[in-house]
Amino acid sequence: MVGIGAAMADDASQPMSTPQGTPEMFGTWTVTKVLCSDCQGRKTPEIGTQIVISDDSFNDPFSTNCATGASYPNRQLPWLSAIKLFKLPKGAHALASPKGTITDARLNCDDGPYARVLFIGQDRAIYIYEGEDYLIERAKTP
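Predicted model only: the values in this text are computed from it and were never measured.

1. Details of the packing of aromatic side chains
Scanning the model with the defined rule gives 9 aromatic pairs in all. Ring centres of Phe62 and Tyr134 lie 4.9 Å apart, and the angle between their planes is 45°; on these two criteria the pair is classed as tilted. A residue pair is termed long-range when its members are at least 10 positions apart, and Phe62 in the loop between strand 3 (58-59) and strand 4 (65-66) and Tyr134 in strand 10 (residues 132-138) qualify at 72 residues. We note that Phe62, like Tyr134, is buried.

2. Digging into the state of the cysteines
Inspection of every chain in the model, using the stated rule, returns 1 disulfide. In this model Cys66 forms its disulfide with Cys109; the gap between the sulfur atoms is 2.1 Å. When the S-S torsion is 75°, as for the bridge of Cys66 with Cys109, the disulfide is right-handed. Pair noted here: Cys66 is in strand 4 and Cys109 is in strand 7 (residues 101-109), with a separation of 43 residues, a long-range link. For the pair Cys66 and Cys109, a shared accessibility class is recorded, and that class is buried.

3. Overview of the pattern of salt bridges
Pairs can form between side chains of opposite charge once their charged atoms are near each other. Tallying each qualifying case throughout the model produces 4 salt bridges. Residue Asp104 pairs with Arg75 through a salt bridge whose shortest N-O separation is 2.8 Å. Of this pair, Asp104 sits in strand 7 while Arg75 is found in strand 6 (residues 74-78), placing the two residues 29 residues apart along the sequence. Considered together, Asp104 and Arg75 belong to a single accessibility category, that of buried residues. Asp123 serves as the salt-bridge partner of Arg138, at 2.8 Å between the closest nitrogen and oxygen. Separated by 15 residues along the polypeptide, Arg138 in strand 10 and Asp123 in the loop between strand 8 (112-121) and strand 9 (124-129) bring together distant segments of the chain. Since its relative accessible area comes to 14%, Arg138 is described here as buried.

4. Section: the confidence of the model for the protein
Residues with a pLDDT of 70 or more make up 87% of the protein, whose mean pLDDT is 84. Overall, residues 1-8 carries pLDDT values under 50, and its contacts beyond four positions in sequence, including any with other chains, amount to 25 contacts.

Cut-offs used in this document
- Residues numbered from 1 in each chain as written.
- Predicted model: local features only at pLDDT ≥ 70, side-chain atom pairs only at ≥ 80, totals over all residues.
- Heavy atoms only, no water.
- Phe/Tyr/Trp six-rings, centres within 6.5 Å; stacked < 30°, edge-to-face > 60°.
- Helix = DSSP H or I, 4+ residues; strand = E, 2+ residues; numbered from the N terminus.
- Buried < 20%, exposed > 50% of the residue type's maximum accessible area, 1.4 Å probe, protein only.
- Disulfide = S-S within 2.5 Å.
- Salt bridge = Lys/Arg side-chain N within 4 Å of Asp/Glu carboxyl O.
- pLDDT = per-residue confidence, 0-100.
- Contact = heavy atoms within 4.5 Å.

Below you can see the structure in the form of structure tokens.
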């Protein structure tokens, strides 16, 4: 079990694949919305923050930067399983098809995982972070 932010779960029945990552992960991602069950009235200074993910490095203002040697263990999960596994707030439920699948990926560098991102398609993803989940969207030019 790996604990990253609010996601303290890992389903061993669906292990992570090789750590190369997939092209859908790479590019500049911008936080466009904060998803949480108790966000009402909360200021959201995270909006506009950019996370840059490339095949060998990442820049993550919420966790750490990895100049070289990044890896991205990932797996495909049914969207409904991801909602339950990561206890995603109701605001996230309509972001993908209930019958669809998503890519669950870790941002790893050196000794371990630093972040977890659920790539839901259509240049959208959910960054799992301590108590809140951030909807991130890919910039028009990766």
